[in-house]
Amino acid sequence: MKPAERRKTICLTEYVTHSLPAREIPADVGEALWRQHGNRIGVEFPSPKTDHQWQLTPQGWVGYVPVSPELGFSLQPKVPLDNLFRMLEYAYRLESFEFLDDMMGCDSLEEFYERLANVLAKRVLDRARQGFYRAYLPETDRLPYVRGRLDMRHMMRRPWSAQLRCHYEEHTPDVEETQILAWTLRRIARSHLCSERVQPTVRRAYQSLRGFASLEPFRPGDCVGRVYNRLNDDYRPMHALCRFFLEHSGPTHEMGDRVIIPFLVNMGRLFELFVAEWLRAYLPAQLMLSVQEKVSIGEAETLRFEIDLVLSDASTGKPICVLDTKYKADEGPSPNDVAQVVTYAEMKNCRRAVLIYPVPLTQPLNHKLGDIHLRSMSFGLKGDLEERGTEFLCDLAGF
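Residues numbered from 1 in each chain as written. Predicted model: local features only at pLDDT ≥ 70, side-chain atom pairs only at ≥ 80, totals over all residues. Heavy atoms only, no water.

**Here we look at the overall build of the protein chain**
For the record, the criterion: Helix numbering and strand numbering both begin at the N terminus, where a helix is a DSSP run of H or I of at least 4 residues and a strand a DSSP run of E of at least 2. The classification of residues rests on relative accessible area computed with a 1.4 Å probe and restricted to protein chains. Under 20% of the type maximum is buried, over 50% is exposed, and intermediate values are partly exposed. Note on contacts: a residue pair qualifies if any of its non-hydrogen atoms lie within 4.5 Å across the two residues. Shrake-Rupley sampling with a 1.4 Å probe provides the accessible areas, and residues are treated as covered by the protein chains on show and by no other component.
A tally of helices and strands in the protein chain yields ten helices and 18 strands. Each of the three principal axes of the protein chain carries a C-alpha extent, and together these read 80 × 65 × 45 Å. When burial is assessed residue by residue, the protein chain has 49% of its 399 residues classed as buried. In the protein chain, the proportion of contacts linking residues at least 24 apart, taken out of those at least 6 apart, comes to 63%. Surface exposure of the protein chain reaches about 20000 Å², of which carbon and sulfur atoms provide 49%.

In structure tokens, the structure reads:
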């Protein structure tokens, strides 16, 4: 596998159709791109319809997709890179950790990825020198001696057995806190997105965990809501980084004799997380925010929904407004968008509903649907994000 800097890279911008000569992309590579990433990049094959050219349109995803040893695609955001990095900091709560100084001056999303990978690897190596966190975990085993508590019921059923079944606790470093680090570093190493300068550090950090942590798969959600103490509090920023990498690791696929993992950011999901975290930071104290609130209907509760954001009165807990983020720039909200957020408002028994877009709509929405007042608002992603956020919050407060 060629490192990223030796592979030819074609740059594409989200929601922009790019035409490329047929000779630019081998037919088998184009087919692989369509099969593996067709839901992220619209692929039109060379034909008379396309003037015998490839037509590629990223669908709201940014990042890097290596599709062959010789070729990769860099998917660039419409959002300015500095603002994209700031959104990632908010969304994954990275701004509260001091390593963000290492991110200054990044010129691309791939460089941002590599620098964060380097930070995580170095922190794991630092922890390896100190010794990884250990905890007591319950174990049950058959032993030739007594350890911990005897399983008397088992002994009565099998009195002839020379092996004693014991329940005991093992003081081990093979705990979830460390397993998360091992799984994440393995995925980073297999992405082949790091340069020859950083890749050895990532591999060395992964190898430092091999003898201590079982390789178990983890999801991004496994990195949040964990309990820390004075012995493992330094795992907190490492788990924040792990969440970032696991959230944006694309589907694994084979390339020759190697397995690769693309780096992909779903901009719709990022916009939702960013708005939620920005509101957490700046909402007035009298308002309470719920994120991804689960609701269901029917006696059997077979229909389930997740509402992006719910604003409630902090003193009474009564819902005031539902908000739904939409990362797109249509001329106006679609009927599905309207139906969805109005349904959410009805389910929460509140009279206000807001659709949030990254740009002001040419046909903004401000209507009453029965008892529900529905508006579209924008949280702009160009210029100063703090100013755009303040404008959004003022608009929301006046609703």
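What follows picks up the thread again.
**A word on the sheet that holds strand β12 (residues 263-266)**
This is how it is decided: Here a strand pair is declared whenever DSSP counts at least two bridges between the two strands. Lines fitted to C-alpha atoms define the axes, with helix axes restricted to the stretch in contact, and inter-axis angles between N-to-C directions lie between 0 and 180 degrees.
The mixed open sheet is built from four strands, whose spatial order is β1-β6-β5-β12. Strand pairing shows two members of the sheet lacking a second neighbour, β1 (8-13) and β12, which therefore form its edges. Each strand axis lies, on average, 15° off the axis of its neighbour in the sheet, ignoring direction. Bridging between β1 and strand β6 (residues 71-76) involves six bridges; their strand directions are parallel. Paired with Ile10 across the strands is Phe73, a residue of β6.

**Let's talk about helix α1 (residues 27-37)**
Because each turn of an α-helix spans 3.6 residues, side chains separated by three or four positions in sequence point in the same direction. Put simply, the test is: When we speak of the arc, we mean the arc of directions from the helix axis to the C-beta atoms.
The complete set of buried residues in α1 reads Val29, Gly30, Ala32, Leu33 and His37. Down the axis of α1, the smallest arc covering the buried residues is 160°, so these residues share one side. Exposed and oriented more than 90 degrees from the buried face of α1 are Ala27, Asp28 and Arg35.

**Let's talk about a positive patch on the surface**
Let me state the cut-off plainly: Two joining distances apply to patches: 9 Å for like charges and 5 Å for nonpolar side chains (Val, Leu, Ile, Met, Phe, Trp, Tyr), and every residue must have over 30% relative accessible area and no salt bridge. Here, a salt bridge means any Lys or Arg side-chain nitrogen found within 4 Å of an Asp or Glu carboxyl oxygen. His is not counted here, nor are the chain ends, while Lys and Arg score as positive and Asp and Glu score as negative. All charge positions are set by atom: Lys at NZ, Arg at CZ, Asp at CG, Glu at CD.
Where like charges cluster on the molecular surface, the positive patch consists of Arg142, Arg153, Arg157 and Arg158. With respect to the helices and strands, Arg142 occurs in strand β7 (residues 135-143). Judged by its relative accessible area of 45%, Arg142 is partly exposed.

**Examining the sheet that holds strand β17 (residues 366-369)**
Spatial ordering of the open sheet is given by β13-β14-β15-β16-β18-β17, a layout of six strands whose pairing is mixed. Both edges of this open sheet fall to β13 (287-297) and β17, since each of them pairs with a single strand only. In this sheet, neighbouring strand axes are inclined to one another by 30° on average, regardless of whether the strands run parallel or antiparallel. With four bridges joining them, strand β14 (residues 303-313) and strand β15 (residues 319-325) adopt antiparallel strand pairing. Considered in β15, the bridge of Leu309 is made with Leu323. In the packing of helix α8 (residues 267-282) onto the sheet, the strands contacted are β13, β14, β15 and β16 (352-357), and the crossing angle to β13 comes to about 135°.

**Looking at the state of the cysteines**
For the record, the criterion: Count a disulfide wherever a pair of cysteine sulfur atoms falls within 2.5 Å.
Applying the stated criterion across every chain yields a total of zero disulfides. A disulfide-free cysteine, Cys350 has its sulfur positioned 6.4 Å from the sulfur of Cys321, the nearest such atom.

**With respect to the packing of aromatic side chains**
To be explicit about the condition: We call Phe, Tyr and Trp rings a pair once their centres come within 6.5 Å, taking the six-membered ring for Trp, and we label the pair stacked below 30 degrees between planes, edge-to-face above 60, and tilted otherwise. Lysine NZ or arginine CZ positioned within 6 Å of the ring centre and within 35 degrees of the ring normal marks a charge as sitting over the ring.
One pass over the structure, following the stated rule, counts 18 aromatic pairs. Residues Phe45 and Trp54 carry aromatic rings whose centres are separated by 5.1 Å and whose planes lie at 50° to one another, so their mutual orientation is tilted. For the pair Phe244 and Phe263, a centre-to-centre distance of 6.0 Å together with 55° between the ring planes defines the contact as tilted. Placement of the pair is Phe244 in helix α7 (residues 235-247) and Phe263 in strand β12, with a sequence separation of 19 residues. Take Phe244 and Phe263: they sit in the same class, and that class is buried. In this structure an aromatic cluster arises from ring pairing among Phe85, Tyr92, Phe112, Tyr113, Phe244, Phe245 and Phe263. Here the basic side chain of Arg40 rests over the ring of Trp61, its NZ or CZ set 5.0 Å away from the ring centre.

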